[in-house]
Amino acid sequence: MYFEELRIGMTAELAPAVIDRRKMLAFAREYDNIPLHTDEEYA
């Protein structure tokens, strides 16, 4: 599907995404290292 094919009100059913916690935190620390993304207590 291309962007031009999208219409207001369209829906899609997607499978859940499983993200490894360690990988997610490593990505956040490298590309957007702010406490909101890397510190559970702060968030």
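Cut-offs applied
Residues numbered from 1 in each chain as written. Predicted model: local features only at pLDDT ≥ 70, side-chain atom pairs only at ≥ 80, totals over all residues. Heavy atoms only, no water. Helix = DSSP H or I, 4+ residues; strand = E, 2+ residues; numbered from the N terminus. Buried < 20%, exposed > 50% of the residue type's maximum accessible area, 1.4 Å probe, protein only. Contact = heavy atoms within 4.5 Å. Phe/Tyr/Trp six-rings, centres within 6.5 Å; stacked < 30°, edge-to-face > 60°.

Novice: Quick question: what am I supposed to make of the environment of Leu 25 here?
Specialist: Within the secondary structure, Leu 25 sits in helix α1 (residues 21-31). Judged by its relative accessible area of 11%, Leu 25 falls in the buried class. Leu 25 sits 22 residues away from Phe 3 along the chain, and the two C-alpha atoms are 30 Å apart. Look past the residues within four positions of Leu 25 in its chain and what remains in contact with it is His 37 and Thr 38.

Novice: Is there a simple way to explain the packing of aromatic side chains in this structure?
Specialist: Given two aromatic rings, one states the distance between the centres and the angle between the planes to describe the pair. Throughout the structure, instances matching the rule amount to one aromatic pair. Relative to Tyr 31, the ring of Phe 27 has its centre 4.7 Å away and its plane inclined at 40°; by these criteria the two rings are tilted. Taken as a pair, Phe 27 and Tyr 31 lie in helix α1 at a separation of four residues, close to a single helical turn. Each member of the pair Phe 27 and Tyr 31 is classed as exposed.

Novice: Please clarify how the environment of Arg 7 should be interpreted in this entry.
Specialist: Position of Arg 7 relative to the elements: it lies in the segment before α1. Note: C-alpha distance between Arg 7 and Thr 38 (31 residues apart in sequence) is 36 Å.

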